[in-house]
Amino acid sequence: MTAITHPSRAGTPDGDGSPVLTAAELAAVRADFPLLARTVRGDRPLVYLDTAATSQKPEVVLDALQDFYLQRNAAVHRGAHQLAEEATEAFEGARRDVAALVGADEGEIVWTTNATAGINTVAYAISNATAGRGGEAARRFVLREGDEIVVTESEHHANLVPWQELCARTGARLRWIGVDDDGRLRLDELATVVTDRTRVLAFTHASNVTGAVTDVPAFVARAREVGALTVLDACQSVPHMPVDLHALGVDFAVFSGHKMLGPTGVGALYGRRELLEAMPPVTTGGSMVEVVTMETTTYAPPPLRFEAGSQMVAQAVGMGAAARYLDELGMAAVAAHEAEMTRLLLDAVTSVPGVRLLGPADARDRLALVSFVVDGVHPHDAGQVLDDAGIAVRVGHHCAQPLHRRLGAQSSTRASAGVYTTAEEIAAFADGLARVRHFFGLEGAR
Ligand SMILES: Cc1ncc(COP(=O)(O)O)c(C=O)c1O
């Protein structure tokens with residue numbers, strides 16, 4: 001297995017002990033990501049500001065994938081040969097590394113194909129329990145007439161549509177916590193929308209549109225008061241800040257490998273052990289069973305109960321390598337660096353006339369991403385002008401149509417940073433943004 005020995009911060013969790021990456025450390029981080037050195041649109045240096053959609057991958061992740069296929073490739077959890085043992089150890093070692101990054105036990109991490117699949121697993125397990133699967137042990141998950149599922153207006157479609165579908169299948173009612181004009185969740189609505197009818201409270205840790213970070217303890221406290229299960233969408237938090245799921249006290253959480261420097265095709269569903277043990281399976285078949293007769297089947301304990309069929313072993317190993325890489329950098333250092341990028345992005349967007357920010361303008365509890373609308377310019381056109389300058393941003397509704405509607409926009413342009421983003425890149429973005437209105441012959445810009 002390729003060992004991660006990061007040149008600048010290896011040895012201690014926080015490298016030199018400083019919470020912020022030094023210039024040399026940032027240069028060393030960037031050197032780990034070969035793609036960042038390429039040019040686009042002719043000879044323009046790439047400025048990658050689309051990390052919220054998917055992050056770039058450090059060489060150690062690519063090495064781990066390659067090492068798996070070159071040296072260890074075999075089916076896991078079966079076979080009595082050395083390769084099968086090594087493949088299983090790599091797969092389970094990756095589970096331990098991912099669990100360690102998010103403050104979970106290894107038995108509480110289920111491999112999924114992405115975060116979306118994790119949320120669907122919980123939603124379908126609840127409908128299976130409601131249909132009588134899982135027996136007495138699964139009573140906790142059974143929905144009854146009058147029950148409610150609560151989400152927020154800030155959700156990515158991944159944490160909204162599966163709950164709409166669950167409600168359609170079971171007759172439960174969907175309710176939601178609103179956002180204020182700044183895009184922050186309305187904590188005052190927790191007391192009125194979350195009631196003793198609420199069975200599930202599903203909410204994002206950090207919005208992929210506004211960047212607003214949720215006050216998770218307030219949500220968990222209210223859910224506990226009414227006995228509701230909590231499901232945390234940690235897609236945008238795990239890659240960017242320290243996350244300790246045990247300390248947060250959520251029941252379930254999901255996140256994706258590809259957003260946290262890992263490969264596509266793999267993600268994780270966290271569930272508190274006692275809940276995973278009581279939860280009926282969703283996808284059934286090989287690898288998730290104990291005893292199978294022609295009539296019935298008994299299921300393996302979690303996490304394997306939720307991992308039917310051949311798994312995405314190399315991708316899981318790559319996600320494990322990404323977790324170790326982030327851990328080695330130190331999530332406090334990652335968050336401190338990105339807090340600086342947040343301030344620079346906000347300065348860039350709020351200093352250009354005719355640009356409207358969707359989301360809070362203050363950097364507190366906020367991710368390093370800015371979604372914005374340029375007055376008189378379609379978000380796609382703004383993205384195109386930036387792309388011509390080599391600056392890669394996201395355009396569209398970012399899978400959050402209700403939130404855009406609430407904030408008075410149909411779509412937006414989004415610039416999002418990561419641990420490898422530099423102040424110079426954000427300066428280039430600011431420069432490009434200042435040219436957008438001018439390019440379209442609109443006044444007020446150079
Ligand atoms: C906040 C949030 N939740 C969920 C998702 C879905 O992630 P995936 O497409 O990897 O399942 C995303 C991806 O954009 C996201 O940003």
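Not measured: the values here are computed from a predicted model.

A. How the structure looks around the overall build of the protein. Secondary structure summary: the protein contains 14 helices and 17 strands in total. Dimensions along the principal axes, computed over C-alpha positions, put the protein at roughly 75 × 55 × 35 Å. The buried share of the protein, taken over its 446 residues, is 57%. Intrachain contacts of the protein at a sequence separation of at least 6 include 69% that bridge at least 24 residues. Summed over its atoms, the accessible surface of the protein is roughly 17,900 Å², and 51% of this surface lies on carbon and sulfur atoms. Once the 39 positive and 55 negative side-chain charges of the protein are each reduced to a mean point, those two points are 5 Å apart.

B. Broad picture of the packing of aromatic side chains. Under the criterion given, the structure shown has 7 aromatic pairs. Summarising the aromatic geometry, the rings of F91 and W111 are spaced 5.9 Å apart at their centres and angled 35° between planes, so their arrangement reads as tilted. Taken together, the residues span a long stretch of sequence, with F91 in helix α3 (residues 82-101) and W111 in strand β4 (residues 109-112) at a distance of 20 residues. Residue F91 shares its accessibility class with W111, and that shared class is buried.

C. Up close: the pattern of salt bridges. Under the definition given, this model contains 26 salt bridges. Residue R199 pairs with D147 through a salt bridge whose shortest N-O separation is 3.0 Å. Residue R199 is located in strand β7 (residues 198-204), and its partner D147 is located in the loop between α4 (115-130) and β5 (148-152); the two are separated by 52 residues in the primary sequence. By relative accessible area, R199 is classed as buried at 17%. The class for D147 is buried, based on a relative accessible area of 11%. Ionic pairing is found between E277 and R273, a salt bridge with its closest N-O pair at 2.9 Å. Residue E277 and its partner R273 are located together in helix α9 (residues 273-278), separated by 4 residues, close to a single helical turn. Judged by its relative accessible area of 42%, E277 is partly exposed.

D. Main features of the domain arrangement of the protein. In terms of domains, the protein is made up of domain 1 (12-49 + 330-439) and domain 2 (63-327). With 34 residues of domain 1 at the interface, the matching set in domain 2 holds 31 residues. For the pair domain 1 and domain 2, the summed buried surface comes to about 2,600 Å²; carbon and sulfur atoms form 59% of the total. The largest share of the area that domain 1 buries against domain 2 comes from M331, L367 and R406, three residues that together contribute 27% of it. Across the contact surface, domain 1 and domain 2 share 2 salt bridges.

E. Looking closely at the environment of A218. Among the secondary structure elements, A218 is positioned in helix α7 (residues 216-226). Each C-alpha atom of the pair A218 and E25 lies 36 Å from the other, and the pair is 193 residues apart in sequence. Contact partners of A218, with chain neighbours within four places excluded, come to L187 and L190.

F. Examining the site of the ligand more closely. Lining the immediate surroundings of the ligand are N114, A115, T116, H156, A158, N208, D233, C235, Q236, S256, H258 and K259. Separating an oxygen atom of the ligand from a side-chain N or O atom of H258 is a distance of 2.8 Å. Contact with the protein chains covers 89% of the free accessible surface of the ligand, which is 400 Å². Looking at side-chain class alone, the shell around the ligand contains 3 nonpolar, 7 polar and 2 charged residues.

G. Seen up close, the side chain of R95. With respect to the helices and strands, the residue R95 is situated in helix α3. Residue classification places R95 among the buried residues on the basis of a relative accessible area of 1%. A polar contact is formed between the side chain of R95 and the backbone oxygen of I109, at a distance of 2.7 Å.

H. Inspection of the sheet that holds β5 at higher detail. With mixed pairing, 7 strands are arranged side by side in an open sheet as β4-β10-β9-β8-β7-β5-β6. The outermost strands of the open sheet, each flanked by one partner alone, are β4 and β6 (173-177). Here the strands of the sheet are splayed against their neighbours by 20° on average, with no regard to which way each runs. Contacting β5, β6, β7 and β8 (229-233), α7 crosses the sheet at an angle of about 175° to β7.

I. Representation of the nonpolar core. Among the nonpolar cores identified, the biggest contains 86 residues, and W111, L232, L245 and V250 are the most heavily contacted of them. When residues in this core are grouped by element, the largest group, 11 residues, is from helix α10 (residues 313-329). Two domains each put at least three residues into this core: domain 1 (12-49 + 330-439) and domain 2 (63-327). I126, A172, V254 and L275 belong to the second-largest nonpolar core, a separate cluster that totals 34 residues.

J. Geometry of the sheet that holds strand β17 (residues 412-416). Within the open sheet, the 4 strands sit side by side as β13-β14-β17-β16. Their pairing is antiparallel. Each of the sheet's edge strands pairs with one partner strand only, and the pair in question is β13 (355-358) and β16 (394-396). Pairwise comparison of adjacent strand axes, ignoring direction, gives a mean angle of 30° for this sheet. In terms of strand pairing, β16 meets β17 through 3 bridges, oriented antiparallel. Residue pairing in the sheet places G396 in a bridge with S412 of β17.

K. The arrangement of the side chain of S411 in detail. Tracing the sequence through the fold places S411 in the loop between α13 (401-406) and β17. If sequence neighbours within four positions are ignored, S411 has contacts with V373, H378, P379, G396, H397 and H404.

L. Representation of the packing of helix α12 (residues 379-388) against helix α14 (residues 423-439) within the structure. Interaxial distance between α12 and α14 falls to 9 Å at its minimum, and their mutual angle equals 125°. Comparing their axes, α14 and α12 come out oblique. Two packed elements cross with a definite hand, and for α12 against α14 that hand is right-handed. Mapping the contact onto sequence places A382, V385 and L386 in α12 and F429, G432, L433, V436 and F439 in α14. Residues belonging to the contact of α12 with α14 are distributed by class as follows: 7 nonpolar, 1 polar and no charged.

Parameters and conventions
Residues numbered from 1 in each chain as written. Predicted model: local features only at pLDDT ≥ 70, side-chain atom pairs only at ≥ 80, totals over all residues. Heavy atoms only, no water. Helix = DSSP H or I, 4+ residues; strand = E, 2+ residues; numbered from the N terminus. Buried < 20%, exposed > 50% of the residue type's maximum accessible area, 1.4 Å probe, protein only. Contact = heavy atoms within 4.5 Å. Areas by Shrake-Rupley, 256 points an atom, 1.4 Å probe, with all protein chains shown as cover. Lys, Arg positive; Asp, Glu negative; His and termini not counted. Charge placed at Lys NZ, Arg CZ, Asp CG, Glu CD. Phe/Tyr/Trp six-rings, centres within 6.5 Å; stacked < 30°, edge-to-face > 60°. Salt bridge = Lys/Arg side-chain N within 4 Å of Asp/Glu carboxyl O. Domains from an automatic or database assignment. Buried area = accessible area lost by both parts, 1.4 Å probe. Near = heavy atom within 4 Å. Polar contact = N/O pair within 3.5 Å; in protein donor to acceptor, adjacent residues only side chain to side chain. Nonpolar A, V, L, I, M, F, W, Y, C, P; charged D, E, K, R; others polar. Pairing = 2+ DSSP bridges. Axes fitted to C-alpha atoms, helices over the stretch in contact; angles between N-to-C directions. Core = buried A, V, L, I, M, F, W, Y, C linked by side-chain atoms within 4.5 Å. Parallel < 35°, antiparallel > 145°, perpendicular 65-115°, else oblique. Left-handed = near helix turned anticlockwise from the far one by under 90°.

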